[in-house]
Amino acid sequence: MSWAMAMIHHSELLTDVGALIDASWEPADDVRLNELACRIFEFQYNHLPLVRRLADQSGRTPGTITHWSEIPGVPSLAFKATELFVGERSDVAQVFESSGTSRAASPSRALYSQDGLALMAHSIRVNAGRFLMPDGRCTRIFVLAPPPAAAPHMIMAWGMNRLIEDYGLEGSEFLIGPKGLEPGAVFSKLSKAEKEGVPVTLIGASFGFVHLLDTMAECGQQIPCAPGSRTLDAGGFKGRSRTVTREALDQAIFDCLAIAPERNVNVLGMTELASQFYDDVMVRDTALDRAKVNAPWTRTRVLDPVSLQEVGHGEPGLLWHLDLTNIERPVSLQTDDLGVQTSHGFQVLGRAKGAEARGCSLSVEDLLA
Amino acid sequence: VNLQAFWLPPECPLDLDYTEETVERGGRTLVVRWPVVTSDTITVLCEYLREQQEKVLRSRSVTDIIDALDRVAEVWLDSEYPPRVKAVDAISLMTGFSKEMVDHSIDLEQRSSRRGEMLAALDNELGDHRALDGFVERPLGSMHAVGPALVGGVFSANIPALPHLTVMRSLMVKAACLGRVSRGEPLYLPLYAESVAAVDPELASCLGVIHWSSDNVQAEEAFLGGIDHLIAYGSEPTIAGLRQRSPGTLRATWHGHRMGFCYLTRGAMDQEDCTELADRVAYDFTVFDQHACLAPQACFVETGGKVSPTEFAGQLVDAMARWMTRLPPKKLSLEEAMALRSARDWAALRVATGDEGVELITPEECLQGSVVVETQEVMSPSPPNRFVRVVPMDDVDSLMTCLRPVRRFLQCAAIEGCPDGGDEVQVANLKNRLAQLGVTRLCAPGQMGTPSMLWHHDGQACLGQLVRWCDEEKGVGS
């Protein structure tokens with residue numbers, strides 16, 4: 001297939017995935033998702049040599065599969081091993097890198113074209129609108145991260161900036177500057193919003209919240225945020241020396257900021273994927289049975305690591321995601337994250353211990369550390 | 001089935017409370033009784049065992065003790081011995097190892113726990129086992145070896161049915177022994193102690209088996225302060241933690257993380273038929289499901305022989321599959337399965353990204369028994385559970401470069417040369433260089449999991465380290 005033809009396919013896929021993102025959430029259109037997923041897989045089979053080779057190795061190719069769940073998951077390791085991008089290198093507008101949880105691990109790299117970035121922005125807007133802003137309310141957004149200009153490779157900063165652009169009131173900003181997080185400045189900004197009666201959305205990495213809340217507790221700071229405020233914490237505590245339970249984090253947020261648990265949304269975002277997975281607590285208006293729910297253009301399965309077959313509800317396994325906004329990068333991802341399927345979504349249990357010790361020479365450094 | 005994660009001598013003045021834990025696997029259930037332990041428990045136990053050592057062990061001859069241990073090994077070698085049947089069932093349930101593997105482990109361990117081996121091991125390290133009973137004549141005078149009063153053992157769970165080795169080594173030098181069994185496999189040692197009690201109650205009164213949870217610092221402190229010599233098995237963090245918390249005066253023997261490998265010379269690969277060799281190598285990767293410190297983590301194959309590394313890997317696939325039937329694999333925990341999946345995927349990715357040094361030999365869904373061919377610049381730790389890495393190697397110089405960064409972890413090397421001894425000089429050179437590098441045991445493929453009791457485990461005189469010598473020069477008392 002000529003590259004011109006490929007570009008036509010690419011732009012058709014962009015249009016069709018965009019339309020799916022704008023389509024109604026209920027009922028979920030599984031037929032349309034499936035048709036698109038198979039087309040994207042075929043496109044990637046033709047234009048991403050790694051996807052083709054892995055598909056050939058596993059015997060599951062565009063000609064042999066009929067359902068999205070049969071698309072071979074590309075291990076997240078692949079994003080460390082090589083650059084995965086369907087287009088020409090000159091089409092790359094942005095490269096994101098993961099920080100890596102281990103000193104010795106090389107970062108994951110995800111490449112985006114301008115069109116890819118636009119599709120990611122679209123996905124973020126609709127997804128966050130559903131799970132973080134279901135009340136349709138705009139808030140002042142404070143982000144416990146450096147701004148994209150200071151962290152150009154950090155996909156989280158890029159995504160959070162989108163949230164400010166789409167949903168932030170005036171005064172929204174990134175709170176980590178060249179000197180790091182300055183608690184005094186954070187407190188005064190939160191207090192100001194409180195006094196003005198402006199609801200805030202506080203966004204950051206989960207461990208960033210813990211640091212901030214620890215500092216607030218130490219300083220005896222309590223800032224009851226205006227009604228309508230909420231938090232969004234990303235990731236969890238994998239690879240951190242200190243782990244905090246969800247309940248403890250919710251309690252601390254309530255104690256320091258007067259934000260109720262059902263307004264604390266956790267999100268799973270990965271450098272490898274353009275879409276994220278949000279907790280459904282705000283949509284359901286309860287923090288009970290917190291779970292992540294797929295948007296209509298994503299799917300998540302929990303797999304047995306040996307057979308790579310789906311495990312039953314409630315059984316732990318590795319998380320496998322399908323994300324149709326990953327048109328330029330592998331559409332299906334087999335992760336190192338452990339999770340479990342629940343009645344209305346999935347929960348993340350953490351990262352498999354030893355998954356970084358993955359048989360490359362790097363793990364020797366870990367051994368010698 | 002109810003089993004205790006502890007064992008105390010019947011006369012010991014301790015009455016332990018316990019908590020029950022129900023373990024389930026494949027529809028079968030096991031109730032494990034964990035002792036409730038305080039630092040006082042440990043202190044009382046240490047005192048009691050010291051007294052028994054003085055009362056019982058000092059006056060018994062070493063051959064007498066060894067005869068009793070030999071009888072215990074004999075009863076354990078009977079496959080229908082009820083405690084053994086119980087142990088096989090319960091350990092399999094608790095650890096996920098197949099019953100066949102646990103059964104096989106007990107055979108291997110007990111076969112090397114016989115009278116002849118024990119005496120030979122003592123003679124090997126002390127010169128003469130009778131030195132433990134009194135002064136024996138030596139060229140420059142006479143000498144007497146005195147063991148410690150109380151040895152403390154800290155055990156790991158990676159090999160079923162191994163902790164009794166420490167108990168034997170202690171008793172062989174007339175020391176009482178207090179063992180701390182692991183969270184993962186606490187069941188075998190109490191059953192073993194029970195059979196020592198059945199064969200020789202007096203000897204068993206010098207044994208204690210206990211467990212405390214790893215966050216019970218007071219219990220550990222009482223233990224480390226109450227023993228004379230520590231023999232500890234465990235991961236790097238476990239060993240480092242124990243080292244840090246041990247009193248400076250405590251003598252200790254450490255058995256931490258180790259790596260083994262096979263090396264097959266060009267001469268070995270020049271045979272028309274390597275299936276028998278593949279079968280032995282596959283056995284080494286199979287036994288204890290590759291959890292032992294002795295287990296191979298790579299099979300280095302010299303290039304240029306009639307059989308290429310890739311062809312040999314193909315033969316290993318069949319051999320691994322045969323062993324999967326004979327000794328069925330462990331039921332994997334999620335973490336173990338993820339580690340294998342990760343290693344397998346990494347190889348698959350190297351193939352898919354066009355790395356010519358890598359070939360995948362087994363299909364995707366086959367994780368236990370996987371065989372991959374891959375080049376390595378530095379020997380990489382392999383996940384356990386029958387993951388075979390065949391690493392092509394040009395020559396011994398390249399091997400040394402590959403091993404040097406991990407030299408402090410090296411332990412056992414299985415070497416196969418030309419069957420008619422055609423590369424004898426090369427093999428002799430290889431053996432010397434490996435010994436210099438840090439390898440502490442050389443054997444033939446197929447023997448990695450079955451060291452003799454004579455082996456200087458991790459390069460140490462395990463019995464010799466336990467004793468203190470009293471040398472008598474000529475003319476004393478004359």
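Rules and cut-offs
Residues numbered from 1 in each chain as written. Chains lettered and ligands numbered in written order. Predicted model: local features only at pLDDT ≥ 70, side-chain atom pairs only at ≥ 80, totals over all residues. Heavy atoms only, no water. Helix = DSSP H or I, 4+ residues; strand = E, 2+ residues; numbered from the N terminus. Buried < 20%, exposed > 50% of the residue type's maximum accessible area, 1.4 Å probe, protein only. Contact = heavy atoms within 4.5 Å. Areas by Shrake-Rupley, 256 points an atom, 1.4 Å probe, with all protein chains shown as cover. Lys, Arg positive; Asp, Glu negative; His and termini not counted. Charge placed at Lys NZ, Arg CZ, Asp CG, Glu CD. Pairing = 2+ DSSP bridges. Axes fitted to C-alpha atoms, helices over the stretch in contact; angles between N-to-C directions. Buried area = accessible area lost by both parts, 1.4 Å probe. Salt bridge = Lys/Arg side-chain N within 4 Å of Asp/Glu carboxyl O. Nonpolar A, V, L, I, M, F, W, Y, C, P; charged D, E, K, R; others polar. Phe/Tyr/Trp six-rings, centres within 6.5 Å; stacked < 30°, edge-to-face > 60°. Arc of directions from axis to C-beta.

Asks: Residue-level account of the overall build of chain B, with values.
Replies: The number of helices and strands found in chain B is 15 helices and 18 strands. If you line up chain B on its principal axes, its C-alpha atoms span 70 × 65 × 40 Å. Every one of the 478 residues in chain B was classed for burial, and the buried ones make up 59%. Long-range contacts, defined here as pairs at least 24 residues apart, represent 76% of the contacts in chain B between residues at least 6 apart. About 18,300 Å² of surface is accessible on chain B, with carbon and sulfur atoms providing 49% of the total. Of the charged side chains in chain B, 44 are positive and 67 negative; the average position of the first set lies 2 Å away from that of the second.

Asks: Any chance you could break down the pairing of strand E9 (residues 229-233) of chain B for me, citing the residues and the numbers?
Replies: All names here are of chain B. Most of E9 sits inside the fold, with 5 of its 5 residues counted as buried. Residues of E9 alternate between two faces, with His229, Ile231 and Tyr233 on one and Leu230 and Ala232 on the opposite face, all of them buried. Bridge count between strand E6 (residues 150-154) and E9: 4 bridges; the pairing is parallel. When the sheet's bridge partners are listed, Gly153 is paired in E9 with Ile231. As defined by bridge partners, E9 adjoins strand E10 (residues 251-255) across 5 bridges and the pair is classed as parallel. Each bridged residue has a counterpart across the sheet, and for Ile231 the counterpart in E10 is Thr253.

Asks: Please set out the sheet that holds E10 of chain B residue by residue, giving values where relevant.
Replies: All names here are of chain B. Here we have 5 strands laid out as an open sheet, ordered E8-E7-E6-E9-E10, and parallel in their pairing. Each edge of the open sheet carries a strand with a single partner, namely strand E8 (207-210) and E10. Within the sheet, the average angular offset between the axes of one strand and its neighbour, ignoring direction, is 15°. Against the sheet, helix H1 (residues 39-57) touches E6, strand E7 (176-180) and E8, its axis set at about 150° to E7. Together, E6, E7 and E9 form the strand contacts of helix H9 (residues 217-226), whose direction differs from that of E6 by roughly 140°.

Asks: Describe the interface of chain A and chain B, with residues and values.
Replies: Note on interface size: it is often stated as the accessible area lost on association of the parts. Across the boundary between the two partners, chain A contributes 32 residues, which contact 32 residues of chain B. Here chain A packs against chain B, burying approximately 2,700 Å² in sum over the two surfaces, 69% of which is carbon and sulfur. Taken together, chain A and chain B are joined by 0 salt bridges. For the side of chain A that touches chain B, the secondary-structure elements that each account for two or more residues are helix H3 (49-58), helix H4 (78-81), strand E14 (316-323), strand E15 (332-341) and helix H11 (362-368) of chain A. Looking at which element gives the most residues to the side of chain A that touches chain B, the answer is H3 of chain A, with 5 residues. When its residues are assigned to classes, the side of chain A that touches chain B shows 18 nonpolar, 9 polar and 5 charged.

Asks: Which residues make up the packing of aromatic side chains, and what values go with them?
Replies: All names here are of chain A. According to the stated counting rule, one finds 15 aromatic pairs over all chains in the structure shown. Centre to centre, the rings of Trp25 and Phe131 are 5.6 Å apart; their planes meet at 75°, and the pair counts as edge-to-face. On the criterion of sequence distance, the pair formed by Trp25 in the loop between helix H1 (3-22) and helix H2 (30-47) and Phe131 in helix H5 (residues 114-131) is long-range, its members being 106 residues apart. Across this residue pair, the class does not change: Trp25 and Phe131 are buried. Relative to Tyr112, the ring of Phe96 has its centre 5.3 Å away and its plane inclined at 80°; by these criteria the two rings are edge-to-face. Of the two residues, Phe96 is situated in strand E2 (residues 94-97) and Tyr112 in strand E3 (residues 109-112); the sequence distance between them amounts to 16 residues.

Asks: Before we move on, can you summarise the sheet that holds strand E14 (residues 370-373) of chain B with the specific residues and values?
Replies: Residue and element names in this part refer to chain B. The strand order across the open sheet built from 7 strands is E13-E14-E15-E12-E11-E16-E17, with neighbouring strands paired in mixed fashion. Each of the sheet's edge strands pairs with one partner strand only, and the pair in question is strand E13 (359-360) and strand E17 (441-443). Direction of pairing for strand E11 (residues 259-264) relative to strand E16 (residues 410-416): parallel, over a ladder of 5 bridges. When the sheet's bridge partners are listed, Met259 is paired in E16 with Leu410. Seen against the sheet, helix H15 (residues 424-437) touches E11, strand E12 (296-302), E16 and E17 and runs at an angle of roughly 175° to E16.

Asks: Tell me about H3 of chain A, and name the residues and values.
Replies: Buried within H3 of chain A we find Leu50, Val51, Leu54 and Ala55 of chain A. For H3 of chain A, the angular spread of buried residues about the axis comes to 130°, placing them on one side.

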